[in-house]
Amino acid sequence: MEPLDFVTRSTEELLFFLHRKKTEISCIEHPHRFLTQLRDHDLVPEKLFENVKKKRSREQKEKIVYEVLDWVEKNKPQYIHQFWRCVFEDHILKFYPPLCMLRKILLDGTFKFDEKHPNVETPEEEEESKGKAEKGKEKSYKRKRSKDDRSSEDNDDPDPSSASTPSRKKPGKKPSFSSLVKKGDKQEIWKWPIYKTQLPVTCGDKEGTLYRDKMSRGEKCILSQERWFTPNDFEKFAGKEKCKNWKLSICCRNTPLKKLIEEEHLQCPPMEIKKRTCVQKNMNKLFPVSSSESSNEDSEKSAGSMEESDAEGFQEQGGKEEGTEFRGRVEEEEEDMADLSVFQAPFLPVTCVSLTGTLYKYRFATGIFGKCIRTEERWFTPEEFVKQEPTLTDGHWKKDILCHGKTLNLLIKKKILCKHLPLCECQNCTIKKEDLMAQNNDDECYVCDSEEDLVCCDKCPRAFHSHCHLPAVHGDSPGEWICTFCVLRTSQQWRDSRNMSEQEAFYAPVSQYRLHCHYLLLCVYREDIQKVFFEDPRQTVPRYSEFISQPMWLDRIKQKLESGEYQTIGAFVSDFQLIFSNCRTFNRDNVFGQMGARLKKMFKEEFKKIFCIG
């Protein structure tokens, strides 16, 4: 089916598809870009869009996104084709992998448009079913009474008065997990199609993504902060090692994994000890034993395997993998990768022996074209990236660059990466000097993560909007332009590197350390991904002034710094501390309070680093 074949679907079919998928779409993370896309195409009323800005919690955002989709369905049915065109544009799909899955099931025909919900009834059908239910129950009741008067009093049949209860409420007696879900949720998310292969999990203040297939195989199955963990290790990473029970400490939407395992929504690895069995077989060849001794040993092994704990099971599975590494990558190339969800993100972590980087799919072309791998220093083509590894004398990018343990060659075979044809003339495969220069820098602003009209640093891969960078870039900079990050790094190489005390740093004049102030402010802007601390909270957070008497925000600090209101570094730092203390007072331990704590920790570390505080 061609990419735009959904256009041939009727209005009724596309409306039905939206009706079925509203809840799934409303759960996308960071929905601001999605909603602005709809607003730009006049598919969302301005008043409803403004309500989104006032919502802070994830639950509130999910609710307002659902209201927007419901409004589109009810008030803009004639524009449903335009709606799906907007949703399926490339720059939107790049940021929202769940929408890629929706597009796939719409195009490949797996979604059934003739499906009818088993509990949906028209008013006429409902009345008819009520009448039939009343008659059927009345007959059954009378029949049992005539057979045995006492049995009708003791049996579990409902009273005649309950016959008026709609039949669709009856299935409530079937096994249900509704008690596990927070109030306001439509359904348990582990049942949703978009979470068929993975689940969002938390443990303490750490968040991660659990991959179901990896868990069932006993592999490292939780991805958090670009690192893989077993459940036991993730519990330790979150500082919950004292619990010693990852099934209770790791949760999905406040529901412990133990409950999901008991209800067979998750599968733990089988407790097998294949490695020991293999060794024993080899020992039997060297030292033959009698059949009776062999059976006794087998029974002891099986008893021992049943006593293995879940944590040991995961460690053993990991040991099994290490023990089979000698088979090389031939087995990997032949392996059928059933779980591809880990590769669905628009950018992927890659390694080459000791090197690490991030591969951006949309930039990939071939080994020598398309600078698609980014490190802290610069962008590389796959072939250039391999050449940076000093221990490889005859490396090849297809087999030596790994992503989640898989070679790029395998990712190309599985069509996770699209290799361009030799005569391709796209921008990634171009040999034009200006296009090659453009590939040396990021395609999005390093501060605000948006595109267009960027100023590129000539020393690193970063790019900025002129107003996002500090100091602001006015007009076209003649010759070479270097960002604040690179200027500070260069200056610290020749500046006197003697250690300062924190007190000395606080009393230092801002005029001598303006570069340091710009650096710190840019770091905080960069880390505040959700832009929570950018603007005046009194304009967006209801009742904020009732709790906070002295508000402060990043744009205000930027304004005061640029207008020369700060005389000392201490005054500059105190305004950041005010942001963090206000956040802790107003939010306490909720998600925004935790975000403020992380920013505070990062700020303190960067402050000590650039001022050389011991």
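Look a little higher up for the structure.
Our subject in this report is the structure included herewith.

Procedures and definitions
- Per-chain numbering applies: the sequence of each chain, read as written, is numbered from 1 onward.
- With pLDDT at 70 or above as the cut-off, local features in this predicted model cover only qualifying residues; side-chain atom pairs require 80 or more to be listed or tallied, and sums for whole chains, interfaces and linings still use all residues.
- The basis for the side-chain values is all heavy atoms of the structure; hydrogens and waters are excluded.
- Runs of H or I in DSSP of at least four residues are treated as helices and runs of E of at least two as strands, each being numbered from the N terminus.
- The classification of residues rests on relative accessible area computed with a 1.4 Å probe and restricted to protein chains. Under 20% of the type maximum is buried, over 50% is exposed, and intermediate values are partly exposed.
- We call two residues in contact when some of their heavy atoms are within 4.5 Å.
- Ring pairs shown here join Phe, Tyr and Trp side chains whose ring centres sit within 6.5 Å, with only the six-membered ring taken for Trp; geometry is labelled stacked below 30 degrees between planes, edge-to-face above 60, and tilted in between.
- Consider the ring centre and the ring normal. A charge sits over the ring if Lys NZ or Arg CZ is within 6 Å of that centre and within 35 degrees of that normal.
- For this document, the term salt bridge refers to a Lys or Arg side-chain nitrogen within 4 Å of an Asp or Glu carboxyl oxygen.
- What makes two strands pair is DSSP finding at least two bridges between them.
- Whenever two N or O atoms come within 3.5 Å, that pair is a polar contact, provided that in protein one can donate a hydrogen and the other can accept it, and provided that, for residues adjacent in sequence, both atoms are side-chain atoms.
- Grouping into patches uses exposed residues only, defined as over 30% relative accessible area, and leaves out salt-bridged ones; the cut-off is 9 Å for like charges and 5 Å for nonpolar side chains (Val, Leu, Ile, Met, Phe, Trp, Tyr).
- For the accessible areas, the method is Shrake-Rupley and the probe is 1.4 Å, while residue cover comes only from the protein chains on display.
- Charge counting follows a simple rule: Lys and Arg are positive, Asp and Glu are negative, and His as well as the terminal groups are ignored.
- Just so you know, the charge point we use is NZ for Lys, CZ for Arg, CG for Asp and CD for Glu.
- Cysteine sulfur atoms that come within 2.5 Å of each other are treated as a disulfide pair.
- A fitted line through C-alpha atoms represents every axis, and for helices the fit uses only the stretch in contact; the resulting angles, taken between N-to-C directions, go from 0 to 180 degrees.
- Throughout this description, any angle smaller than 35 degrees is read as roughly parallel, any larger than 145 degrees as roughly antiparallel, any in the 65 to 115 degree range as roughly perpendicular, and the remainder as oblique.
- Whether a crossing is left-handed or right-handed is set by the direction in which the near helix is turned from the far one by less than a right angle, anticlockwise for left-handed and clockwise for right-handed.
- We call Asp, Glu, Lys and Arg charged. Ala, Val, Leu, Ile, Met, Phe, Trp, Tyr, Cys and Pro are nonpolar, and the rest, Gly among them, are polar.
- Joining through side-chain atoms within 4.5 Å is the link that ties buried Ala, Val, Leu, Ile, Met, Phe, Trp, Tyr and Cys residues into a set, and such a set is a nonpolar core.
- How far a helix is expected to stretch is found by multiplying one less than its residue total by 1.5 Å.

Glancing now at the overall build of the protein chain. Of the regular secondary structure elements, the protein chain holds 28 helices and 14 strands. Out of the 614 residues in the protein chain, the part that is buried amounts to 39%.

Okay, the environment of Phe369 next. Locating Phe369 in the fold gives a position in the loop between β8 (355–360) and β9 (373–374). The contact partners of Phe369, leaving out residues within four places of it in the chain, are Thr381, Asn428, Cys429, Thr430 and Ile431.

Considering all chains together, one arrives at 29 aromatic pairs under this definition. Here Tyr446 and Phe464 contribute two aromatic rings whose centre-to-centre distance is 6.0 Å and whose plane-to-plane angle is 65 degrees, an arrangement assigned as edge-to-face. Taken as a pair, Tyr446 in the loop between α21 (433–438) and β13 (454–456) and Phe464 in strand β14 (residues 463–465) lie far apart in primary sequence, 18 residues in all. Take Tyr446: its relative accessible area is 14%, and that puts it in the buried class. The buried category is assigned to Phe464, whose relative accessible area is 0%. Ring centres of Tyr544 and Phe586 lie 5.0 Å apart, and the angle between their planes is 50 degrees; on these two criteria the pair is classed as tilted. Here Phe586 lies in helix α27 (residues 569–587) and Tyr544 lies in helix α25 (residues 544–547), a separation of 42 residues in the sequence. Each member of the aromatic cluster is reached from another via a ring pair, and the members are Phe506, Tyr513, Tyr566, Phe572, Phe576, Phe580, Phe603, Phe607 and Phe611. Across from the ring centre of Phe485, 4.4 Å away, lies the NZ or CZ of Arg462, which sits over that ring.

Turning to the pattern of salt bridges, a few remarks are in order. Summed over all chains, the structure comprises 18 salt bridges. Between Glu62 and Arg253 there is a salt bridge whose closest N-O contact spans 3.0 Å. Separated by 191 residues along the polypeptide, Glu62 in helix α4 (residues 58–75) and Arg253 in the loop between β5 (251–252) and β6 (255–256) bring together distant segments of the chain. With relative accessibility at 11%, the residue Glu62 sits in the buried group. Taken together, the shared-partner salt bridges in this structure form one network comprising Lys22, Asp70, Glu73 and Lys74.

Right, let's talk about the pairing of strand β2 (residues 206–211) for a bit. Where strand β1 (residues 198–203) meets β2, six bridges bridge the pair, whose relative direction is antiparallel. Paired with Thr202 across the strands is Glu207, a residue of β2. In this antiparallel pair of consecutive strands, β1 and β2, the connection spans two residues, and Gly204 shows a positive phi of 65 degrees. Where β2 lies against strand β3 (residues 222–224), two bridges are found, and the strand directions are antiparallel. Each residue of the ladder has a partner; that of Thr209, found in β3, is Leu223.

What follows concerns unusual backbone geometry. Each neighbour pair has its own omega, and for Leu470 with Pro471 the value is -5 degrees, a cis peptide bond. Position of Pro471 among the secondary structure elements: in the loop between β14 and α22 (484–494). At Arg253, a residue that is not glycine, the phi angle is positive and equals roughly 55 degrees. Classification of Arg253 as buried rests on a relative accessible area of 17%.

Below, the discussion takes up helix α7 (residues 97–107). Regarding α7, the residues found buried are Leu99, Leu102, Ile105, Leu106 and Leu107. Looking at the buried positions of α7, the neighbouring elements they touch are α1 (11–26), α2 (32–40), α5 (80–87) and α6 (90–93).

Tracing the sequence through the fold places Thr36 in helix α2. The class of Thr36 is buried, set by a relative accessible area of 17%. Polar contacts involving the side chain of Thr36 include one to the main-chain carbonyl oxygen of Arg33, which spans 2.7 Å.

Turning to a positive patch on the surface, a few remarks are in order. Together, Arg584, Lys600, Lys604 and Lys608 make up a positively charged patch on the protein surface. It is helix α28 (residues 591–610) that provides the largest number of residues to the positive patch, a total of three residues. In this fold, Lys604 is placed in helix α28. A relative accessible area of 48% places Lys604 in the partly exposed class.

Next up on the list: the state of the cysteines. On inspection of all chains with the given rule, the structure shows zero disulfides. Just so you know, Cys456 is unpaired, no disulfide at all, and the nearest cysteine sulfur is the one on Cys457, 8.9 Å from it.

Here the focus is the packing of α1 against α5. The geometry of α1 relative to α5 is characterised by a closest axis approach of 10 Å and an angle of 45 degrees between their N-to-C directions. Between α1 and α5, the angle is such that the two are oblique. With respect to the hand of their crossing, α1 and α5 are arranged in left-handed fashion. Residue-level inspection shows Thr11, Leu14, Leu15, Phe17, Leu18 and Ile25 of α1 in contact with α5, the latter providing Ile80, His81, Phe83 and Trp84. Among the residues making up the contact of α1 with α5, the classes are represented as eight nonpolar, two polar and no charged.

Bringing the nonpolar core into the picture now. The biggest cluster of nonpolar side chains holds 54 residues, and the ones touching the most others in it are Leu554, Ile569, Phe572, Phe576 and Phe611. At the level of secondary structure, the elements contributing two or more residues to this core comprise α22, α24 (514–527), α26 (554–562), α27 and α28. Ignoring any residue separated from it by four or fewer positions in sequence, one finds Phe576 in contact with Leu521, Val524, Leu554, Ile557 and Phe603. By size, the runner-up hydrophobic cluster in this structure holds 32 residues, among which are Val44, Ile80, Phe83 and Phe111.

Take the pairing of strand β7 (residues 347–352) next. Burial along β7 is one-sided: Leu348, Val350 and Cys352 are buried, and none of Phe347, Pro349 and Thr351, which face the opposite way, are. With six bridges connecting them, β7 and β8 associate as antiparallel partners. The residue of β8 that forms the bridge with Pro349 is Thr358. Counting the residues that bridge the hairpin from β7 to β8 gives two residues, and of these Val353 lies at a positive phi of roughly 60 degrees.

How two helices sit against one another is set out by the angle between their axes and by the gap between those axes. Where α2 contacts α5, the two axes come as close as 10 Å, and the packing angle between them is 140 degrees. Accordingly, the angle class assigned to the pair α2 and α5 is oblique. Relative to α5, the crossing made by α2 is right-handed. For the pair α2 and α5, the contacting residues are Phe34, Gln37 and Leu38 in the first and Phe83, Cys86 and Val87 in the second.

It is worth spelling out α28 at this point. For α28, built from 20 residues, the straight-helix expectation of 28 Å at 1.5 Å per residue is met to within 8% by its first-to-last C-alpha distance of 29 Å. Here α28 starts with a cap whose side-chain oxygen sits 3.0 Å from the backbone nitrogen of Phe592, and that cap is Asn590.

Tracing the sequence through the fold places Asn232 in helix α11 (residues 231–237). For Asn232, a relative accessible area of 14% corresponds to the buried category. Expressed as a C-alpha distance, the spacing of Asn232 and Lys244, which sit twelve residues apart in the sequence, is 8.0 Å.

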